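Listed below are the residues making up each chain.
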Amino acid sequence: MSTFTCAHHDVPKDWCLLLKTDCVPGRPGCVLRGKSVFLVSAEERIREKEQARRERELAIAPPPVRRRP
Ligand code: SF4
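Residues numbered from 1 in each chain as written. Predicted model: local features only at pLDDT ≥ 70, side-chain atom pairs only at ≥ 80, totals over all residues.

Another point: the overall build of the protein. Of the regular secondary structure elements, the protein holds 1 helix and 3 strands. The order of helices and strands in the protein, counted from the N terminus, is β-β-β-α. Radius of gyration (C-alpha) of the protein: 17 Å, far over the 11 Å computed for a compact globule of 69 residues. For the protein, the spread of C-alpha atoms along the principal axes amounts to about 60 × 20 × 20 Å. Split into buried and exposed, the 69 residues of the protein put 4% on the buried side. Relative to all contacts within the protein whose residues are 6 or more apart in sequence, the contacts with residues 24 or more apart total 10%. (Helix = DSSP H or I, 4+ residues; strand = E, 2+ residues; numbered from the N terminus. Rg over C-alpha atoms; globule rule 2.2 N^0.38 Å. Buried ≥ 20, exposed ≤ 12 C-beta atoms within 10 Å, placed from the backbone. Contact = placed C-beta atoms within 7 Å.)

If you want it as structure tokens, here you go:
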């Protein structure tokens, strides 16, 4: 097990300043791509982050406006 730091990582936002998207170490374009081995593939972690983002957005979205018939 190891930890890492990355010059492109905006830690509070967990955001990649290089790729301008969520930091997912090993994702396409990441400086670690092809240089590190991950237990869970980058593609799987990208899917999980996107799913979590959709769920957060749904949780904060206002309810739909209902019109009277
Ligand atoms: S995705 Fe890669 S390059 Fe971007 S911040 Fe994360 S570790 Fe660094």
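Read on for the rest.
So, about the sheet that holds strand β2 (residues 15–16). Strand order in the open sheet formed by 3 strands is β1-β2-β3, and the pairing between neighbours is antiparallel. Here the strands that pair on one side only, and so sit at the sheet edges, are β1 (9–10) and β3 (21–22). Direction of pairing for β1 relative to β2: antiparallel, over a ladder of 2 bridges. Bridge assignment links Asp10 to a residue of β2, and that residue is Trp15. (Pairing = 2+ DSSP bridges.)

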